[in-house]
Amino acid sequence: MKIHEYQAKSVLARFGVPVPRGEVAFSAVEAGKAVRRLGSSVVVVKAQIHAGGRGKGGGVRLARSADEAEQMARQMIGMTLVTHQTGPEGRKVGRVLIEEGLQIDRELYLSVLIDRAAACPVVIASAAGGMDIEEVAAKEPHKILKEYVDRGTGIVPFQARKLAFGMGLDGGPAQKLVKLLEAVYRAFIETDASLIEINPLILTKGGDLLALDAKVSFDDNALYRHPDLRDLRDLAEEDPLEVEASKFSLNYIRLDGNIGCMVNGAGLAMATMDIIKLAGGEPANFLDVGGGASAEQIRNAFKILMSDKNVRAVLINIFGGILRCDVLAQGVIAAVRELGVPVPIVIRMEGTNVEEGKRMLKESGLNFTTADSMGEAAQKVVALAGGR
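Okay, so let's go over this structure. Fair warning: this is a prediction, and the values are worked out from it, not measured in the lab.

1. Concerning the overall build of the protein
- Secondary structure assignment for the protein yields 13 helices and 18 strands.
- With the principal axes as the frame, the protein shows a C-alpha extent of 80 × 50 × 40 Å.
- Counting all 388 residues of the protein, 50% fall into the buried class.
- Considering only residue pairs separated by 6 or more positions, the protein has 68% of its internal contacts joining residues 24 or more positions apart.
- Accessible surface, the protein as shown: approximately 18,000 Å² in total, 51% of it carbon and sulfur.
- For the protein, the separation between the mean place of its 47 positive charges and that of its 49 negative charges on side chains is 2 Å.

2. Observations concerning the packing of aromatic side chains
- In total, this model carries one aromatic pair according to the counting rule given.
- Each ring, one from Y185 and one from F188, has its centre 6.5 Å from the other, and the planes form 25 degrees; the classification is stacked. Taken together, the positions of Y185 and F188, both in helix 6 (residues 171-190) and three residues apart, correspond to about one turn of that helix.
- Classification of Y185 by relative accessible area gives buried; the value is 8%.
- Since its relative accessible area comes to 2%, F188 is described here as buried.

3. Section: the layout of surface pockets
- Taken as a whole, the second largest pocket holds about 220 Å³ of empty space.
- Among the elements of the structure, helix 6 and strand 10 (193-204) are those that each provide at least two residues to the lining of the second largest pocket.
- Residue composition of the lining of the second largest pocket, by class: five nonpolar, one polar and five charged.

4. A closer look at the packing of helix 9 (residues 266-278) against helix 13 (residues 374-384)
- The geometry of helix 9 relative to helix 13 is characterised by a closest axis approach of 9 Å and an angle of 55 degrees between their N-to-C directions. The orientation of helix 9 relative to helix 13 falls into the category oblique. The interaxial crossing formed by helix 9 with helix 13 has right-handed handedness. In this structure, helix 9 uses L268, A271, T272, I275 and I276 to contact helix 13, whose residues at the interface are M374, G375, A378 and V382.
- For the contact of helix 9 with helix 13, the per-class residue count stands at seven nonpolar, two polar and no charged.

5. Overview of helix 9
- Given a rise of 1.5 Å per residue, 13 residues ought to cover 18 Å, and the 18 Å separating the end C-alpha atoms of helix 9 matches this to within 8%.
- Residues A269, T272, M273 and I276 constitute the buried set of helix 9. Buried residues of helix 9, seen end-on, are gathered within an arc of 95 degrees and therefore sit on one face of the element. When the buried face of helix 9 is taken as reference, the exposed residues oriented beyond 90 degrees from it are G267, D274 and L278.
- On its buried side, helix 9 packs onto strand 14 (259-263), strand 15 (285-288), strand 16 (313-320) and helix 13.
- Looking one or two places after helix 9, you find G280, whose phi comes out positive at around 95 degrees.

6. Looking at the pairing of strand 17 (residues 345-351)
- Of all seven residues in strand 17, five are buried; the element is thus mostly enclosed.
- Here strand 16 runs beside strand 17; their pairing, made up of seven bridges, is parallel. Bridging from a neighbouring strand, I318 pairs with M349 of strand 17.
- Here strand 17 runs beside strand 18 (residues 368-370); their pairing, made up of three bridges, is parallel. Paired with I345 across the two strands is F368, which belongs to strand 18.
- In this fold, strand 17 hands off to helix 12 (residues 354-363), which returns the chain to strand 18; that crossover is right-handed.

7. Some remarks on the sheet that holds strand 6 (residues 96-100)
- A sheet is described by the order of its strands in space; here four strands give the open sequence 1-6-2-3, paired in antiparallel fashion. Strands at the two margins of the open sheet, each flanked by one partner only, are strand 1 (22-25) and strand 3 (60-63). Each strand of the sheet is rotated relative to its neighbour by a mean of 25 degrees, with strand direction disregarded.
- In the sheet, strand 2 (residues 43-47) pairs with strand 6 via five bridges, with the strands oriented antiparallel.

The rules behind each value
Residues numbered from 1 in each chain as written. Predicted model: local features only at pLDDT ≥ 70, side-chain atom pairs only at ≥ 80, totals over all residues. Heavy atoms only, no water. Helix = DSSP H or I, 4+ residues; strand = E, 2+ residues; numbered from the N terminus. Buried < 20%, exposed > 50% of the residue type's maximum accessible area, 1.4 Å probe, protein only. Contact = heavy atoms within 4.5 Å. Areas by Shrake-Rupley, 256 points an atom, 1.4 Å probe, with all protein chains shown as cover. Lys, Arg positive; Asp, Glu negative; His and termini not counted. Charge placed at Lys NZ, Arg CZ, Asp CG, Glu CD. Phe/Tyr/Trp six-rings, centres within 6.5 Å; stacked < 30°, edge-to-face > 60°. 1 Å grid on protein atoms, 1.4 Å probe; cavity = no way out; pocket = protein on both sides within 12 Å on 5 of 7 lines; lining within 4 Å. Points joined across faces, edges and corners; volume = space filled by probe spheres on them. Nonpolar A, V, L, I, M, F, W, Y, C, P; charged D, E, K, R; others polar. Axes fitted to C-alpha atoms, helices over the stretch in contact; angles between N-to-C directions. Parallel < 35°, antiparallel > 145°, perpendicular 65-115°, else oblique. Left-handed = near helix turned anticlockwise from the far one by under 90°. Expected span 1.5 Å × (residues − 1). Arc of directions from axis to C-beta. Pairing = 2+ DSSP bridges. Right-handed = clockwise from strand over helix to strand, strands pointing away.

What follows is the structure, given as structure tokens:
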């Protein structure tokens, strides 16, 4: 789960991470009042969306008075902001962050995330802050610093000092980075975050370190432990179909292709998407109905698939273990009869009660295409979708 910048800073501040003074505003009038309360001669008006690159798209601007900030907020709130991370469709801005202006001496980069290959948290830092870190890593990899963290000890001072010196900090700023990184790591662990990224982390003219921008994502599987964090979710920032799928405990991610996929099990879903690509097609989604899906969940999954107007054919690839093949067939037949699915459906299933499931599909009177192998299923669905 992602949250907005102002929410991320609020979470980090609870753990002692220094952040600029600021207030969120949902209207131009609120923005003007926020500037007056801050009492800063220069403020920054920052559009709040779940995407980076806002400054290049006109979503981050300086204002030198409450009236000017109010005018900028009026222009931003309600606009569709397009950045390299939103895609051409952009994101609608519903709120802005009004933040005090600061005298910046240097811009740095700092993040904590899980390195799945190493099976532990890793701290990534760089002196090249304020830029796309992916671009820095590609063009100047020597500027990327990493420290792997032992979960038993947590981040230790010598690791923080090593990063500080690598980023060109010494003396007071280096010691401040040690404390700041300890606070960031504590926030990462105690909130079950999957990512905390501060870009830029700034060094001010006065020698202070502050998180000028912050991006925080949480592990969805741990949100039951954090009801306060769960309440920070902004559904308007998420794909409507993904939000709808989450209501039925379906794992759905929308993609750009035209072949809808319904699979049980994440590994099988990934393999299904791969074999569609190998056959010359493009998957329209990742949809894992889970090992214990019911006929009702199958029906709901079909509704979500059919809500994507790009879908021109559907591939159902099921291994019948906990989800028996006859239960799948029952759910598919009921969904097609109810929804009148207008696109071809290819079904490949193996496992428990597979013969009964095939019999039910054959006797349904509906126009299903069946396949005995994944390769055959992929070839058929790609052809039906207008591919090879």
